[in-house]
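Single-letter residue listing:
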Amino acid sequence: MFFALNPPQNKESKNTFGFKSTNNPPQLKELKAFEDDLFDIIQNIKYKPVSNAFQQEMKKDKERVIKSKEVIISADKTSNLYKMSVDEHKKKMMENVTQQYKKCSSEKVNEVIKEAAKIARQYDLQDKVDIPTQSEAFITIKDHKEHFPGRVDCRLINPAKNHIGTISKHILDNINGQIRKVTRSNQWKNTTEALEWFTNIPSKSSKSFLQFDIVQFYPSISEKLLSDSLIWAGTMVNISKEEMETIMHCRKTFLYYNQNAWVKKENSDFDVSMGSLDSAEVCELVGLFLLNKIEGLIPRQDVGLYRDDGLAVTSLPGPDIERLNKSLKKLFKTHGLTIEIQSGMKTTNFLDVTLYLDSSTFRPYRKDNKPPIYIKNSSNHPPHIKKELPRMISKRITQISSNKEIFKEEAPVYNTALENSGFSQKLQYSEEPVHQGAKNRRRKREVLWFNPP
(Lines give C-alpha, C1' and ligand atoms only; values in the text may rest on other atoms or scores of the structure.)
Protein backbone atom coordinates (compact mmCIF):
# COMPACT_ATOMS: atom_id res chain seq x y z
CA MET A 1 0.00 0.00 0.00
CA PHE A 2 2.85 2.40 0.88
CA PHE A 3 4.54 1.89 -2.50
CA ALA A 4 1.19 2.02 -4.33
CA LEU A 5 0.56 5.46 -2.85
CA ASN A 6 4.22 6.54 -3.14
CA PRO A 7 5.71 5.00 -6.31
CA PRO A 8 9.52 4.90 -6.13
CA GLN A 9 11.18 7.42 -8.46
CA ASN A 10 14.13 5.17 -9.29
CA LYS A 11 12.69 2.13 -11.04
CA GLU A 12 16.07 0.42 -11.56
CA SER A 13 15.99 -2.92 -9.76
CA LYS A 14 19.02 -4.23 -7.90
CA ASN A 15 20.02 -7.72 -6.84
CA THR A 16 19.19 -8.02 -3.14
CA PHE A 17 20.43 -11.66 -2.88
CA GLY A 18 17.33 -12.53 -0.87
CA PHE A 19 17.92 -9.94 1.87
CA LYS A 20 14.76 -8.29 3.14
CA SER A 21 14.53 -4.58 3.80
CA THR A 22 14.83 -3.51 7.44
CA ASN A 23 12.86 -0.30 6.73
CA ASN A 24 9.33 -0.30 8.10
CA PRO A 25 6.68 1.77 6.30
CA PRO A 26 4.75 4.35 8.31
CA GLN A 27 1.22 3.62 9.49
CA LEU A 28 -1.27 4.39 6.73
CA LYS A 29 -4.68 5.88 7.51
CA GLU A 30 -6.17 3.80 4.68
CA LEU A 31 -5.23 0.60 6.59
CA LYS A 32 -6.05 1.82 10.13
CA ALA A 33 -9.51 0.19 10.27
CA PHE A 34 -8.15 -3.05 8.82
CA GLU A 35 -5.34 -3.16 11.41
CA ASP A 36 -7.81 -2.56 14.26
CA ASP A 37 -9.97 -5.47 13.07
CA LEU A 38 -6.90 -7.69 12.75
CA PHE A 39 -5.79 -6.91 16.31
CA ASP A 40 -9.33 -7.62 17.53
CA ILE A 41 -9.13 -11.12 16.02
CA ILE A 42 -5.93 -11.79 17.96
CA GLN A 43 -7.20 -10.31 21.22
CA ASN A 44 -10.43 -12.30 21.09
CA ILE A 45 -8.82 -15.71 20.61
CA LYS A 46 -10.11 -18.18 23.20
CA TYR A 47 -8.17 -21.25 24.28
CA LYS A 48 -9.42 -24.56 25.55
CA PRO A 49 -7.38 -27.02 27.62
CA VAL A 50 -6.24 -30.08 25.64
CA SER A 51 -4.51 -33.09 27.13
CA ASN A 52 -3.61 -36.47 25.67
CA ALA A 53 -1.09 -39.26 26.21
CA PHE A 54 1.42 -37.70 23.84
CA GLN A 55 1.40 -34.34 25.61
CA GLN A 56 1.75 -36.05 28.99
CA GLU A 57 4.75 -37.95 27.63
CA MET A 58 6.33 -34.72 26.38
CA LYS A 59 5.73 -33.09 29.74
CA LYS A 60 7.58 -35.93 31.50
CA ASP A 61 10.45 -35.71 28.99
CA LYS A 62 10.69 -31.97 29.56
CA GLU A 63 10.88 -32.47 33.34
CA ARG A 64 13.61 -35.09 32.90
CA VAL A 65 15.65 -32.70 30.73
CA ILE A 66 15.25 -29.82 33.20
CA LYS A 67 16.20 -31.96 36.20
CA SER A 68 19.16 -33.62 34.47
CA LYS A 69 22.57 -32.43 35.64
CA GLU A 70 24.17 -33.73 32.45
CA VAL A 71 24.56 -32.18 29.00
CA ILE A 72 22.41 -33.73 26.26
CA ILE A 73 24.16 -33.87 22.87
CA SER A 74 22.76 -34.78 19.44
CA ALA A 75 24.33 -37.42 17.24
CA ASP A 76 26.01 -36.32 14.03
CA LYS A 77 24.06 -38.36 11.46
CA THR A 78 21.40 -40.19 13.45
CA SER A 79 18.45 -39.17 15.62
CA ASN A 80 20.15 -40.43 18.80
CA LEU A 81 20.78 -38.25 21.87
CA TYR A 82 23.58 -38.80 24.38
CA LYS A 83 24.18 -37.68 27.95
CA MET A 84 27.57 -36.35 28.99
CA SER A 85 28.76 -34.89 32.28
CA VAL A 86 29.44 -31.16 32.33
CA ASP A 87 33.17 -31.67 32.97
CA GLU A 88 33.48 -34.21 30.17
CA HIS A 89 31.58 -31.92 27.80
CA LYS A 90 33.90 -29.00 28.62
CA LYS A 91 36.88 -31.27 28.01
CA LYS A 92 35.53 -32.48 24.66
CA MET A 93 34.72 -28.93 23.57
CA MET A 94 38.16 -27.64 24.50
CA GLU A 95 39.85 -30.58 22.75
CA ASN A 96 37.95 -29.98 19.51
CA VAL A 97 38.39 -26.21 19.59
CA THR A 98 42.10 -26.14 20.44
CA GLN A 99 42.87 -28.90 17.96
CA GLN A 100 42.63 -26.45 15.05
CA TYR A 101 41.92 -23.02 16.58
CA LYS A 102 43.68 -20.38 18.66
CA LYS A 103 42.34 -17.32 20.48
CA CYS A 104 42.32 -13.95 18.73
CA SER A 105 41.80 -10.34 19.79
CA SER A 106 38.59 -8.33 19.57
CA GLU A 107 40.41 -5.88 17.28
CA LYS A 108 40.68 -8.64 14.67
CA VAL A 109 36.93 -9.27 14.92
CA ASN A 110 36.13 -5.56 14.52
CA GLU A 111 38.43 -5.35 11.49
CA VAL A 112 36.51 -8.11 9.69
CA ILE A 113 33.14 -6.56 10.67
CA LYS A 114 34.24 -3.25 9.09
CA GLU A 115 35.31 -5.14 5.95
CA ALA A 116 31.87 -6.81 5.83
CA ALA A 117 30.21 -3.38 6.08
CA LYS A 118 32.36 -2.13 3.19
CA ILE A 119 31.30 -5.08 0.99
CA ALA A 120 27.64 -4.51 1.91
CA ARG A 121 27.99 -0.89 0.69
CA GLN A 122 29.57 -2.10 -2.57
CA TYR A 123 26.41 -4.08 -3.29
CA ASP A 124 24.21 -1.22 -1.97
CA LEU A 125 22.85 -3.52 0.75
CA GLN A 126 23.99 -1.63 3.85
CA ASP A 127 20.36 -1.22 4.93
CA LYS A 128 19.65 -4.96 4.64
CA VAL A 129 22.73 -6.88 5.88
CA ASP A 130 22.98 -7.48 9.62
CA ILE A 131 26.19 -7.46 11.65
CA PRO A 132 27.86 -10.93 11.88
CA THR A 133 26.37 -13.08 14.65
CA GLN A 134 28.52 -14.47 17.47
CA SER A 135 26.72 -17.72 18.39
CA GLU A 136 28.80 -20.17 20.43
CA ALA A 137 30.16 -23.35 18.83
CA PHE A 138 28.88 -26.80 19.80
CA ILE A 139 29.69 -30.45 19.13
CA THR A 140 27.78 -33.48 17.83
CA ILE A 141 28.65 -37.13 18.49
CA LYS A 142 29.90 -39.27 15.58
CA ASP A 143 28.13 -42.44 16.69
CA HIS A 144 28.19 -43.92 13.17
CA LYS A 145 31.95 -44.57 13.34
CA GLU A 146 33.07 -48.21 13.70
CA HIS A 147 35.15 -47.55 16.84
CA PHE A 148 32.20 -45.95 18.71
CA PRO A 149 31.66 -46.07 21.72
CA GLY A 150 35.22 -47.23 22.49
CA ARG A 151 36.43 -43.90 21.17
CA VAL A 152 34.04 -40.95 21.00
CA ASP A 153 34.76 -38.59 18.11
CA CYS A 154 32.93 -35.28 17.73
CA ARG A 155 32.14 -32.87 14.94
CA LEU A 156 32.67 -29.20 15.80
CA ILE A 157 29.89 -26.97 14.46
CA ASN A 158 30.34 -23.21 14.15
CA PRO A 159 26.91 -21.49 14.02
CA ALA A 160 28.38 -17.95 13.94
CA LYS A 161 27.21 -16.30 10.73
CA ASN A 162 28.77 -13.63 8.54
CA HIS A 163 25.73 -12.54 6.50
CA ILE A 164 27.92 -11.56 3.55
CA GLY A 165 27.99 -15.35 3.14
CA THR A 166 24.49 -15.10 1.63
CA ILE A 167 25.94 -13.00 -1.21
CA SER A 168 28.85 -15.42 -1.59
CA LYS A 169 26.41 -18.35 -1.67
CA HIS A 170 24.49 -16.82 -4.61
CA ILE A 171 27.74 -16.10 -6.47
CA LEU A 172 29.07 -19.63 -5.94
CA ASP A 173 25.72 -21.22 -6.83
CA ASN A 174 25.83 -19.41 -10.17
CA ILE A 175 29.47 -20.39 -10.79
CA ASN A 176 28.90 -24.05 -9.88
CA GLY A 177 25.79 -24.32 -12.04
CA GLN A 178 27.61 -22.97 -15.11
CA ILE A 179 30.62 -25.25 -14.54
CA ARG A 180 28.40 -28.33 -14.27
CA LYS A 181 26.86 -27.45 -17.65
CA VAL A 182 30.27 -27.00 -19.28
CA THR A 183 32.10 -30.00 -17.78
CA ARG A 184 29.04 -32.32 -17.48
CA SER A 185 30.76 -33.85 -14.43
CA ASN A 186 28.65 -36.02 -12.15
CA GLN A 187 28.33 -33.78 -9.11
CA TRP A 188 25.13 -34.94 -7.44
CA LYS A 189 22.89 -32.62 -5.45
CA ASN A 190 20.67 -35.38 -4.03
CA THR A 191 19.95 -39.11 -4.00
CA THR A 192 17.71 -38.90 -7.10
CA GLU A 193 20.60 -37.66 -9.26
CA ALA A 194 22.88 -40.42 -7.94
CA LEU A 195 20.22 -43.03 -8.75
CA GLU A 196 19.84 -41.69 -12.29
CA TRP A 197 23.60 -42.18 -12.76
CA PHE A 198 23.44 -45.71 -11.31
CA THR A 199 20.45 -46.66 -13.50
CA ASN A 200 22.29 -45.60 -16.67
CA ILE A 201 25.48 -47.61 -15.98
CA PRO A 202 25.85 -50.15 -18.81
CA SER A 203 26.87 -53.79 -18.17
CA LYS A 204 26.63 -53.41 -14.37
CA SER A 205 27.33 -57.09 -13.63
CA SER A 206 30.83 -56.83 -15.16
CA LYS A 207 31.81 -53.90 -12.91
CA SER A 208 32.57 -53.25 -9.24
CA PHE A 209 32.20 -50.23 -6.99
CA LEU A 210 35.01 -47.94 -5.86
CA GLN A 211 33.88 -45.68 -3.01
CA PHE A 212 35.93 -42.94 -1.35
CA ASP A 213 35.37 -40.46 1.45
CA ILE A 214 37.33 -37.21 1.86
CA VAL A 215 38.44 -37.05 5.51
CA GLN A 216 37.37 -33.82 7.25
CA PHE A 217 36.70 -32.14 3.92
CA TYR A 218 35.47 -28.73 5.12
CA PRO A 219 38.32 -27.91 7.55
CA SER A 220 40.91 -29.46 5.20
CA ILE A 221 40.16 -27.05 2.33
CA SER A 222 43.16 -24.72 2.23
CA GLU A 223 43.39 -21.20 0.84
CA LYS A 224 45.57 -22.51 -2.01
CA LEU A 225 43.06 -25.24 -2.90
CA LEU A 226 40.16 -22.77 -3.05
CA SER A 227 42.28 -20.27 -5.02
CA ASP A 228 43.28 -23.00 -7.50
CA SER A 229 39.61 -23.99 -7.82
CA LEU A 230 38.55 -20.38 -8.50
CA ILE A 231 41.34 -19.88 -11.07
CA TRP A 232 40.26 -23.11 -12.80
CA ALA A 233 36.61 -22.01 -12.69
CA GLY A 234 37.64 -18.65 -14.17
CA THR A 235 38.71 -20.41 -17.38
CA MET A 236 35.04 -21.35 -18.01
CA VAL A 237 33.03 -18.74 -16.10
CA ASN A 238 33.47 -14.99 -15.78
CA ILE A 239 34.31 -14.22 -12.11
CA SER A 240 34.79 -10.53 -11.32
CA LYS A 241 37.38 -9.21 -8.88
CA GLU A 242 34.53 -8.00 -6.65
CA GLU A 243 33.00 -11.51 -6.53
CA MET A 244 36.39 -13.07 -5.80
CA GLU A 245 36.96 -10.66 -2.90
CA THR A 246 33.48 -11.42 -1.50
CA ILE A 247 34.11 -15.18 -1.54
CA MET A 248 37.53 -14.85 0.11
CA HIS A 249 36.21 -12.35 2.71
CA CYS A 250 33.69 -14.94 3.90
CA ARG A 251 36.58 -17.26 4.74
CA LYS A 252 37.58 -14.84 7.51
CA THR A 253 35.37 -16.53 10.04
CA PHE A 254 35.51 -16.65 13.82
CA LEU A 255 34.55 -19.46 16.14
CA TYR A 256 33.13 -18.36 19.50
CA TYR A 257 33.52 -20.46 22.61
CA ASN A 258 33.64 -19.61 26.29
CA GLN A 259 33.14 -15.88 25.48
CA ASN A 260 36.29 -15.81 23.34
CA ALA A 261 36.85 -15.51 19.58
CA TRP A 262 39.00 -18.18 17.93
CA VAL A 263 40.68 -18.40 14.51
CA LYS A 264 42.46 -21.16 12.59
CA LYS A 265 46.00 -21.86 13.81
CA GLU A 266 47.56 -22.34 10.38
CA ASN A 267 45.86 -19.43 8.59
CA SER A 268 43.85 -17.04 10.75
CA ASP A 269 42.31 -15.40 7.65
CA PHE A 270 40.97 -18.58 6.10
CA ASP A 271 38.44 -21.14 7.28
CA VAL A 272 35.66 -23.16 5.63
CA SER A 273 33.59 -23.77 8.73
CA MET A 274 30.70 -26.21 8.93
CA GLY A 275 27.68 -24.04 9.52
CA SER A 276 28.68 -20.97 7.51
CA LEU A 277 26.18 -19.74 4.94
CA ASP A 278 28.26 -20.59 1.86
CA SER A 279 30.41 -23.52 3.06
CA ALA A 280 28.39 -26.12 1.11
CA GLU A 281 28.82 -24.11 -2.11
CA VAL A 282 32.59 -23.76 -1.48
CA CYS A 283 32.68 -27.52 -0.98
CA GLU A 284 30.86 -28.03 -4.31
CA LEU A 285 33.26 -25.75 -6.20
CA VAL A 286 36.31 -27.57 -4.82
CA GLY A 287 34.53 -30.87 -5.54
CA LEU A 288 34.10 -29.92 -9.21
CA PHE A 289 37.80 -29.01 -9.39
CA LEU A 290 38.77 -32.36 -7.87
CA LEU A 291 36.34 -34.26 -10.13
CA ASN A 292 38.06 -32.68 -13.12
CA LYS A 293 41.36 -34.11 -11.85
CA ILE A 294 39.84 -37.54 -11.01
CA GLU A 295 38.44 -37.80 -14.55
CA GLY A 296 42.05 -38.12 -15.72
CA LEU A 297 42.14 -41.48 -13.90
CA ILE A 298 38.51 -42.63 -14.17
CA PRO A 299 36.23 -41.94 -17.17
CA ARG A 300 33.81 -39.07 -16.49
CA GLN A 301 30.70 -41.21 -16.91
CA ASP A 302 31.98 -43.73 -14.32
CA VAL A 303 32.57 -41.43 -11.34
CA GLY A 304 30.58 -38.91 -9.31
CA LEU A 305 30.73 -36.90 -6.11
CA TYR A 306 28.27 -35.73 -3.46
CA ARG A 307 29.97 -33.19 -1.16
CA ASP A 308 32.73 -35.34 0.42
CA ASP A 309 31.45 -38.75 -0.71
CA GLY A 310 32.62 -40.15 -4.03
CA LEU A 311 31.41 -43.21 -5.93
CA ALA A 312 32.75 -44.86 -9.08
CA VAL A 313 32.43 -48.10 -11.04
CA THR A 314 35.26 -49.89 -12.76
CA SER A 315 35.83 -53.11 -14.69
CA LEU A 316 39.55 -53.25 -13.85
CA PRO A 317 41.03 -56.45 -12.34
CA GLY A 318 42.26 -56.54 -8.72
CA PRO A 319 45.93 -55.44 -9.20
CA ASP A 320 44.88 -52.53 -11.45
CA ILE A 321 42.28 -51.42 -8.88
CA GLU A 322 44.99 -51.29 -6.22
CA ARG A 323 47.13 -49.11 -8.50
CA LEU A 324 44.12 -46.88 -9.12
CA ASN A 325 43.55 -46.55 -5.36
CA LYS A 326 47.16 -45.43 -4.88
CA SER A 327 46.88 -42.92 -7.73
CA LEU A 328 43.71 -41.43 -6.21
CA LYS A 329 45.31 -41.10 -2.77
CA LYS A 330 48.34 -39.43 -4.35
CA LEU A 331 46.11 -37.03 -6.31
CA PHE A 332 44.22 -35.90 -3.20
CA LYS A 333 47.44 -35.66 -1.18
CA THR A 334 48.85 -33.14 -3.67
CA HIS A 335 45.91 -30.90 -2.76
CA GLY A 336 46.35 -31.38 0.99
CA LEU A 337 43.49 -33.86 1.38
CA THR A 338 43.22 -37.42 2.69
CA ILE A 339 40.76 -40.02 1.44
CA GLU A 340 39.55 -43.41 2.65
CA ILE A 341 38.85 -45.89 -0.16
CA GLN A 342 36.84 -49.10 -0.45
CA SER A 343 36.94 -50.99 -3.74
CA GLY A 344 36.02 -54.27 -5.42
CA MET A 345 32.44 -54.39 -4.01
CA LYS A 346 29.35 -55.46 -5.90
CA THR A 347 27.12 -53.84 -3.25
CA THR A 348 27.54 -50.53 -1.46
CA ASN A 349 25.67 -48.07 0.76
CA PHE A 350 25.65 -44.53 -0.63
CA LEU A 351 23.69 -41.65 0.91
CA ASP A 352 20.35 -43.23 1.90
CA VAL A 353 20.31 -46.14 -0.59
CA THR A 354 21.96 -49.53 -1.01
CA LEU A 355 23.06 -50.21 -4.60
CA TYR A 356 23.43 -53.68 -6.15
CA LEU A 357 25.43 -54.07 -9.37
CA ASP A 358 24.66 -57.76 -9.99
CA SER A 359 20.88 -57.29 -9.92
CA SER A 360 20.82 -53.63 -11.09
CA THR A 361 18.56 -52.78 -8.12
CA PHE A 362 18.56 -50.40 -5.16
CA ARG A 363 16.71 -50.13 -1.86
CA PRO A 364 16.45 -47.72 1.13
CA TYR A 365 19.35 -47.61 3.59
CA ARG A 366 19.49 -46.20 7.13
CA LYS A 367 22.78 -45.65 8.90
CA ASP A 368 21.61 -46.61 12.38
CA ASN A 369 19.31 -49.51 11.36
CA LYS A 370 16.71 -48.19 13.78
CA PRO A 371 13.04 -47.59 12.93
CA PRO A 372 12.42 -44.02 11.75
CA ILE A 373 10.56 -41.60 14.02
CA TYR A 374 7.75 -39.42 12.70
CA ILE A 375 5.68 -36.62 14.22
CA LYS A 376 2.81 -37.81 16.41
CA ASN A 377 -0.66 -37.71 14.93
CA SER A 378 -1.84 -36.21 18.24
CA SER A 379 0.68 -33.35 18.02
CA ASN A 380 -0.36 -29.80 17.17
CA HIS A 381 1.33 -29.79 13.76
CA PRO A 382 -0.87 -28.32 10.99
CA PRO A 383 -3.60 -30.80 9.99
CA HIS A 384 -2.62 -30.79 6.30
CA ILE A 385 0.96 -31.80 7.24
CA LYS A 386 -0.27 -34.76 9.28
CA LYS A 387 -2.74 -35.71 6.55
CA GLU A 388 -0.06 -35.72 3.84
CA LEU A 389 2.68 -37.44 5.88
CA PRO A 390 1.90 -41.08 4.87
CA ARG A 391 1.66 -40.06 1.20
CA MET A 392 4.98 -38.18 1.35
CA ILE A 393 6.73 -41.16 2.96
CA SER A 394 5.19 -43.51 0.37
CA LYS A 395 6.50 -41.32 -2.42
CA ARG A 396 9.99 -41.16 -0.93
CA ILE A 397 10.29 -44.93 -0.32
CA THR A 398 9.00 -45.52 -3.87
CA GLN A 399 11.72 -43.22 -5.23
CA ILE A 400 14.53 -45.10 -3.48
CA SER A 401 13.16 -48.58 -4.23
CA SER A 402 13.94 -49.89 -7.71
CA ASN A 403 10.76 -51.98 -7.97
CA LYS A 404 7.48 -52.79 -6.25
CA GLU A 405 8.82 -56.01 -4.67
CA ILE A 406 11.61 -54.14 -2.85
CA PHE A 407 9.09 -51.49 -1.76
CA LYS A 408 6.91 -54.21 -0.20
CA GLU A 409 9.94 -55.66 1.62
CA GLU A 410 10.90 -52.28 3.07
CA ALA A 411 7.41 -50.93 3.81
CA PRO A 412 6.77 -52.82 7.11
CA VAL A 413 9.48 -50.86 8.98
CA TYR A 414 7.93 -47.53 7.94
CA ASN A 415 4.37 -48.77 8.53
CA THR A 416 5.35 -49.72 12.08
CA ALA A 417 6.88 -46.26 12.61
CA LEU A 418 3.69 -44.61 11.34
CA GLU A 419 1.57 -46.84 13.58
CA ASN A 420 3.73 -45.91 16.58
CA SER A 421 3.05 -42.26 15.76
CA GLY A 422 -0.71 -42.81 15.72
CA PHE A 423 -1.35 -43.10 11.98
CA SER A 424 -3.62 -45.83 10.63
CA GLN A 425 -2.69 -45.41 6.94
CA LYS A 426 -0.27 -47.85 5.27
CA LEU A 427 2.35 -47.01 2.67
CA GLN A 428 1.18 -47.33 -0.92
CA TYR A 429 3.51 -47.89 -3.88
CA SER A 430 3.37 -44.89 -6.21
CA GLU A 431 2.98 -45.66 -9.91
CA GLU A 432 4.14 -42.16 -10.90
CA PRO A 433 7.49 -41.81 -12.74
CA VAL A 434 10.18 -41.92 -10.05
CA HIS A 435 12.47 -39.23 -11.45
CA GLN A 436 9.82 -36.88 -12.82
CA GLY A 437 10.83 -33.28 -12.23
CA ALA A 438 8.54 -30.84 -10.47
CA LYS A 439 6.29 -28.78 -12.72
CA ASN A 440 6.84 -25.04 -12.47
CA ARG A 441 3.56 -23.18 -12.63
CA ARG A 442 3.62 -19.42 -12.76
CA ARG A 443 0.50 -17.35 -12.73
CA LYS A 444 0.09 -13.62 -12.57
CA ARG A 445 -1.71 -12.25 -9.54
CA GLU A 446 -3.42 -8.93 -9.93
CA VAL A 447 -5.10 -9.08 -6.52
CA LEU A 448 -3.61 -10.49 -3.31
CA TRP A 449 -6.37 -11.70 -1.00
CA PHE A 450 -5.98 -11.87 2.77
CA ASN A 451 -8.23 -14.47 4.42
CA PRO A 452 -8.14 -14.14 8.23
CA PRO A 453 -8.57 -17.42 10.13
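Heads up: the structure comes first, above all this text.
Thresholds applied
- Residues numbered from 1 in each chain as written.
- Predicted model: local features only at pLDDT ≥ 70, side-chain atom pairs only at ≥ 80, totals over all residues.
- Heavy atoms only, no water.
- Helix = DSSP H or I, 4+ residues; strand = E, 2+ residues; numbered from the N terminus.
- Buried < 20%, exposed > 50% of the residue type's maximum accessible area, 1.4 Å probe, protein only.
- Contact = heavy atoms within 4.5 Å.
- Phe/Tyr/Trp six-rings, centres within 6.5 Å; stacked < 30°, edge-to-face > 60°.
- Lys NZ or Arg CZ within 6 Å of the ring centre and 35° of its normal.
- Pairing = 2+ DSSP bridges.
- 1 Å grid on protein atoms, 1.4 Å probe; cavity = no way out; pocket = protein on both sides within 12 Å on 5 of 7 lines; lining within 4 Å.
- Points joined across faces, edges and corners; volume = space filled by probe spheres on them.
- Expected span 1.5 Å × (residues − 1).
- Polar contact = N/O pair within 3.5 Å; in protein donor to acceptor, adjacent residues only side chain to side chain.
- Nonpolar A, V, L, I, M, F, W, Y, C, P; charged D, E, K, R; others polar.
- Salt bridge = Lys/Arg side-chain N within 4 Å of Asp/Glu carboxyl O.
- Axes fitted to C-alpha atoms, helices over the stretch in contact; angles between N-to-C directions.

Chemist: Explain the overall build of the chain here, please?
Modeler: Within the chain, the regular secondary structure consists of 14 helices and 15 strands. Over its C-alpha atoms, taken along the principal directions, the chain stretches across nearly 80 × 60 × 55 Å. Here the chain, with 453 residues, has 39% of them falling under the buried criterion. Sequence separation of 24 or more characterises 74% of the internal contacts of the chain that already satisfy a separation of 6 or more.

Chemist: Mind showing me how you'd approach the packing of aromatic side chains here?
Modeler: To describe a pair of aromatic rings, you give the distance between the ring centres and the angle between the ring planes. The tally for this structure, following the rule as stated, stands at 10 aromatic pairs. Relative to Tyr123, the ring of Phe17 has its centre 5.5 Å away and its plane inclined at 90°; by these criteria the two rings are edge-to-face. Placement of the pair is Phe17 in the loop between α1 (2–5) and α2 (32–43) and Tyr123 in the loop between α5 (106–122) and β4 (138–141), with a sequence separation of 106 residues. On the basis of relative accessible area, Tyr123 is assigned to the buried category, the value being 13%. The structure contains a cluster of three or more aromatic residues connected by ring pairs, namely Trp188, Trp197 and Phe350. Across the ring face of Phe198, the terminal group of Lys204 is positioned such that the distance to the ring centre comes to 5.4 Å.

Chemist: In this structure, what is going on with the pairing of strand β11 (residues 309–314)? I would like to understand it.
Modeler: Every other side chain in a regular strand lies on the same face of the sheet, so the side chains alternate between the two faces. Among the six residues of β11, five are classified as buried, and the element is accordingly described as predominantly covered. Two strands pair when backbone bridges link them, and strand β7 (residues 208–214) and β11 are joined in this way by six bridges, in the antiparallel orientation. Each residue of the ladder has a partner; that of Ser208, found in β11, is Thr314. Taken together, the four bridges between strand β10 (residues 303–306) and β11 define a ladder with antiparallel strand orientation. Pairing of Gly304 across the sheet is with Leu311, part of β11. Adjacent in sequence and paired antiparallel, β10 and β11 are bridged by two residues, among which Arg307 carries a positive phi angle near 50°.

Chemist: Looking at this structure, how should I read the layout of surface pockets?
Modeler: Over the atoms a probe the size of a water molecule is rolled, and this reveals where empty space is left. Counted as a void, the largest pocket has a volume near 1,900 Å³. Considering the residues around the largest pocket, the lining is formed by 50 residues, among which Lys77, His144, Lys145, Arg155 and Asp213 are closest to the centre. Put simply, the parts of the chain that give the lining of the largest pocket at least two residues each are α4 (86–100), β5 (154–157), β7, α8 (217–220), β12 (339–345) and β13 (347–350).

Chemist: Explain helix α3 (residues 53–67) to me, please; I cannot follow it from the model alone.
Modeler: In an α-helix, one turn spans 3.6 residues, which is why side chains three or four residues apart end up on the same side. Counted at 1.5 Å a residue, the expected span for α3 with its 15 residues is 21 Å, and the 21 Å between its end C-alpha atoms agrees. Of the residues flanking the start of α3, the one acting as N-cap is Asn52, its side-chain oxygen 3.1 Å from the backbone nitrogen of Phe54.

Chemist: Just checking my understanding: could you explain empty space enclosed by the protein for this structure?
Modeler: Taken as a whole and judged by the stated rule, the model has two cavities of 30 Å³ or more. What the largest cavity holds in volume is close to 130 Å³. Lining the largest cavity are Val109, Val112, Ile113, Pro132, Thr133, Ala160, Lys161, Asn162, Lys252, Thr253, Phe254 and Tyr256. The leading source of residues in the lining of the largest cavity is α5, at three residues. In the lining of the largest cavity, the residues fall into seven nonpolar, three polar and two charged. Taken as a whole, the second largest cavity encloses approximately 40 Å³ of empty space. Lining the second largest cavity are Asn162, Gly165, Cys250, Thr253, Ser276, Leu277 and Asp278.

Chemist: Honestly, the pattern of salt bridges in this entry has me stumped. Any pointers?
Modeler: A pair can form between side chains of opposite charge whenever their charged atoms are brought close. Inspection of every chain in the model, using the stated rule, returns 21 salt bridges. With a closest N to O distance of 2.4 Å, Asp320 and Arg323 form a salt bridge. Remark: Arg323 and Asp320 occur in helix α12 (residues 318–334); sequence separation between them is three residues, near one turn of the helix. Here the residues in one salt-bridge network are Arg180, Lys189, Glu284 and Arg307, joined through shared partners.

Chemist: Just to check I follow, could you spell out the pairing of strand β2 (residues 81–84) for this structure?
Modeler: In terms of strand pairing, strand β1 (residues 71–74) meets β2 through four bridges, oriented antiparallel. Bridging across to β2, Val71 finds its partner in Met84. The antiparallel pairing of β1 with β2 creates a hairpin that spans six residues between the two strands.

Chemist: For this particular structure, what's the right way to read the sheet that holds β12?
Modeler: Pairing between sheet strands relies on hydrogen bonds along the backbone, with the strands arranged either parallel or antiparallel. Here five strands make up an open sheet; going across it, the order is β6-β10-β11-β7-β12 and the pairing mixed. The open sheet terminates on both sides in strands that have one partner only, identified here as β6 (186–187) and β12. In this structure, β6 lies alongside β10, joined through two bridges in parallel fashion. The residue of β10 that forms the bridge with Asn186 is Gly304. Packing against the sheet, α12 makes contact with β7, β11 and β12, and its axis sits at approximately 160° to β12.

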